[in-house]
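# Coordinates in review
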Amino acid sequence: MPSLKDLKNKITSIKNTRKITKAMQMVAAAKLRRAQEAAEAGRPYAERMNAVMAGLSASVGTSTSAPRLLAGTGEDKVHLLVVMTAERGLCGGFNSSIVRLARVKANELLAQGKTVKILTVGKKGREQLKRDLAAHMIGHVDLSDVKRVGYAQAQAIARDILTRFDAGEFDVATLFYNRFQSVISQIPTAQQVIPAKYDAADAGDAVALYDYEPSEEGILADLLPRGVATQVFTALLENGASEQGARMSAMDNATRNAGDMIDKYTTIYNRSRQAAITKELIEIISGAEAL
Amino acid sequence: MAATVQFDLVSPEKRLASFQAVEVQIPGTDGDMTAMAGHASTITTLRPGILKAVGSDQTQAFAVTGGFAEITAGGVSVLAEQAVAVADLSGTVLDQMIEQARELASVALPEDKDAAEKLVQDMMALRQHVNH
């Protein structure tokens, strides 16, 4: 049986923890709103981009002169996995779910005898993957100094990927990130960016009627690298919103658990206090009776 | 009143402008063009330059660094990689853009070198244009 003092200390400590988790939850809620706004602001650009790219790739994609970014290198041996996670923890299963998906994919590819290279964005993913896939990691992008992810960061990551592609380091590139669904649900997603896959359904019907200046191929060559940057940027934004959402619900749970624990320990504390009083009373009464 | 087109300018980070415009002057890769209502459907890439949209009651000009424009009979939507309203365009912003372009040019692969150099030159021309 812990002493009354121990119990009291424990309750105070849990109360402090609850204050912290509550504060973190509110900070995450504020950041989530901002992240969602950013994700929404980026949507028109990404949608337009995808529609135009889908139309272009539908008309050019089949020809032999199609750029390598669209048609691929013709091989399927070396896979680059770009694993995008958060820089910080305390956000529930957010980082683990991305890492789990990436790990499954990596093991699957390795089992097929393919080469896997991993580029991590965000510290947490690197830490988790380092344990068993350290030999495959070829690079890391650190965003811990970045307060608010902008297009510039996406461009830098895309440039890194494209430089490696031009150097012939890989054949297929896939992005791993969490797609924001709601505060309680984020969906780990794997998205192939090289060779580019555009859904023809996005294109609409009117695309074939466009004049292209300079030429379809010229535009495609100009736009494909931008398309990669746009996809990376979208992934970063989705990830940002997902991270805050996950942290918010994780901290909400933590706050509630702390409340439950405080109630439980307060009951135990009160019971022990009453037991102590009863015991003292019994001692006094039996002492008086003995006289 | 002249017929108008729906003009949208979006960058990856936000929507910068959206209004009815009478004409839109676009710095295309192959040369400047002006889109008005009823223009043939065209998709063109952009070079760094000034994009100007003239509406019936307002005129807005933006410096864009690249991207593409989608022109249809009833609308012009410009997807710019980076766009800054000319009113906010100070020397330092331009210098940063030029600096970035130079950096790109210095690391560009041999086959991309010409394009990167051209980007730098276009940027310089843009600065001169803005400073008059």
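Residues numbered from 1 in each chain as written. Chains lettered and ligands numbered in written order. Predicted model: local features only at pLDDT ≥ 70, side-chain atom pairs only at ≥ 80, totals over all residues.

### With respect to the overall build of chain B
Quick reminder of the rule: Where helices and strands are cited, they refer to DSSP runs of H or I of at least four residues and of E of at least two residues respectively, numbered from the N terminus. Here the radius of gyration uses the C-alpha set of atoms, whereas the globule reference equals 2.2 Å times the residue count to the power 0.38. Labels follow a simple rule on C-beta atoms placed from the backbone: if 20 or more others lie within 10 Å of a residue's own, it is buried; if 12 or fewer, it is exposed; otherwise it is partly exposed. What counts as a contact is two residues whose backbone-derived C-beta atoms lie within 7 Å of each other.
Assigned secondary structure in chain B consists of two helices and 10 strands. Counting from the amino terminus, helix and strand elements in chain B follow one another as β-β-β-β-β-β-β-β-β-β-α-α. Over its C-alpha trace chain B gives a radius of gyration of 15 Å, about what one expects of a compact globule, namely 14 Å for 132 residues. C-alpha extents for chain B along the principal axes are approximately 50 × 30 × 30 Å. Taking all 132 residues of chain B together, the buried fraction comes to 37%. If you take every contact in chain B between residues at least 6 apart in sequence, the share linking residues at least 24 apart comes to 50%.

### Concerning the environment of Gln155 of chain A
All names here are of chain A. Mapping Gln155 onto the fold places it in helix H5 (residues 151-166). On the neighbour-count criterion, Gln155 (22 C-beta atoms within 10 Å) is buried. Residues Gln155 and Arg226, spaced 71 residues apart in sequence, show a C-alpha to C-alpha distance of 8.2 Å.

### Quick look at the packing of H5 of chain A against helix H6 (residues 216-290) of chain A
All names here are of chain A. The following threshold applies: Lines fitted to the C-alpha atoms define the axes, with helices restricted to the stretch that makes contact. Angles between their N-to-C directions range from 0 to 180 degrees. Convention used here: angles under 35 degrees read as roughly parallel, angles over 145 as roughly antiparallel, angles from 65 to 115 as roughly perpendicular, and any remaining angle as oblique. Take the far helix as your reference; a near helix turned counterclockwise from it by less than a right angle gives a left-handed crossing, and one turned clockwise gives a right-handed crossing. Side-chain classes follow a simple rule in which Ala, Val, Leu, Ile, Met, Phe, Trp, Tyr, Cys and Pro form the nonpolar group, Asp, Glu, Lys and Arg form the charged group, and the remainder, Gly included, forms the polar group.
Put simply, H5 and H6 touch, their axes get as near as 8 Å, and they point 125° apart. Relative to H6, the element H5 is oriented oblique. The way H5 lies across H6 gives a crossing that is right-handed. Contacts from Tyr151, Gln153, Ala154, Gln155, Ile157, Ala158, Ile161 and Leu162 of H5 reach H6 at Pro225, Val228, Ala229, Val232, Phe233 and Leu236. Counted by class, the contact of H5 with H6 contains 12 nonpolar, two polar and no charged residues.

### Quick notes on the interface of chain B and chain A
As a reminder of what qualifies: Strand pairing is assigned whenever DSSP detects at least two bridges linking the two strands.
Across the boundary between the two partners, chain B contributes 21 residues, which contact 22 residues of chain A. Of all the secondary structure elements, the ones that give two or more residues to the side of chain B that touches chain A are strand S5 (42-46), strand S8 (67-72) and strand S9 (75-80) of chain B. At four residues, the largest contribution of residues to the side of chain B that touches chain A is made by S5 of chain B. When the residues that make up the side of chain B that touches chain A are grouped by side-chain class, the tally is seven nonpolar, eight polar and six charged. Alignment of strand S6 (residues 211-213) of chain A against S5 of chain B, held across three bridges, turns out to be parallel. Bridge pairing in S5 of chain B links Glu213 of chain A to Thr44 of chain B.

### Quick word on the packing of helix H1 (residues 4-60) of chain A against H6 of chain A
Residues and elements named next belong to chain A. At their nearest, the axes of H1 and H6 sit 5 Å apart, and the two run at 160° to each other. The pairing of H1 with H6 is recorded here as roughly antiparallel in orientation. Handedness of the crossing formed by H1 with H6: left-handed. When the residues that make up the contact of H1 with H6 are grouped by side-chain class, the tally is 32 nonpolar, 16 polar and 12 charged.

### Points about the pairing of strand S3 (residues 23-28) of chain B
Residue and element names in this part refer to chain B. Burial runs high along S3: five of the six residues are buried. With six bridges joining them, S3 and strand S4 (residues 31-36) adopt antiparallel strand pairing. Residue Pro27 lies in a different strand from S4, and its bridge partner there is Asp32. Where S3 folds back onto S4 in an antiparallel hairpin, the turn is made up of two residues. Where S3 meets strand S6 (residues 49-54), three bridges bridge the pair, whose relative direction is antiparallel. Bridging from a neighbouring strand, Gln25 pairs with Lys52 of S6.

### Thoughts on the domain arrangement of chain B
Accessible area lost upon the coming together of the parts is a frequently used measure of interface size. Residue and element names in this part refer to chain B. Basically, it comes down to this: The domain boundaries here were taken from an automatic or database domain assignment.
Assigned domains of chain B: these are domain 1 (5-86) and domain 2 (90-131). Here the C-alpha centre of domain 2 lies 21 Å away from the C-alpha centre of domain 1. Contacts between domain 1 and domain 2 engage eight residues on the former and eight residues on the latter. The class makeup of the residues in the side of domain 1 that touches domain 2 is five nonpolar, two polar and one charged.

### So, the confidence of the model for chain B
All names here are of chain B. Test applied: Note on scores: pLDDT gives the predictor's confidence for each residue, bounded by 0 and 100.
Per-residue confidence for chain B averages 82 on the pLDDT scale, and 90% of its residues sit at or above 70. Put simply, helix H2 (residues 110-131) is where chain B has its lowest mean pLDDT, 72, and S3 is where it has its highest, 91. Listed scores for the predicted complex are pTM 0.85 and ipTM 0.77.

### Some thoughts on unusual backbone geometry
Residue and element names in this part refer to chain A. Of the consecutive residues Ile194 and Pro195, the connecting peptide bond is found in the cis state with omega at -10°. For Pro195, the position within the fold is in the loop between strand S5 (185-194) and S6. Its identity is not glycine, yet Leu90 carries a phi of approximately 55°, on the positive side. Inspection of the secondary structure assignment puts Leu90 in the loop between strand S1 (78-84) and helix H3 (94-111). A residue is classified by how many C-beta atoms lie within 10 Å of it, and Leu90, with 14 of them, is partly exposed.

### Remarks on H5 of chain A
Working note: α-helix, 3.6 residues per turn, so residues spaced by three or four point in the same direction. All names here are of chain A. The test is simple: An expected span of 1.5 Å times one less than the residue number is assigned to each helix.
Given a rise of 1.5 Å per residue, 16 residues ought to cover 22 Å, and the 22 Å separating the end C-alpha atoms of H5 matches this to within 8%. In this fold, the buried residues of H5 make contact with S1, strand S2 (115-121), strand S3 (137-141), strand S4 (172-182), S5 and H6. Backbone geometry just after H5 places Gly168 at a positive phi near 75°.

### A closer look at the sheet that holds S5 of chain A
Residue and element names in this part refer to chain A. Spatial ordering of the open sheet is given by S3-S2-S1-S4-S5, a layout of five strands whose pairing is mixed. The open sheet is flanked by S3 and S5, the only strands paired with a single partner. The sheet shows a mean angle of 25° between the axes of neighbouring strands, taken without regard to direction. Relative to S5, S4 runs antiparallel, the two being bridged by nine bridges. By the bridge assignment for S5, Ala173 is matched with Ile194. Sheet contacts for helix H4 (residues 123-133): S1, S2 and S3; angle to S2, the most-contacted strand, approximately 155°. Together, S1, S4 and S5 form the strand contacts of H6, whose direction differs from that of S4 by roughly 40°.

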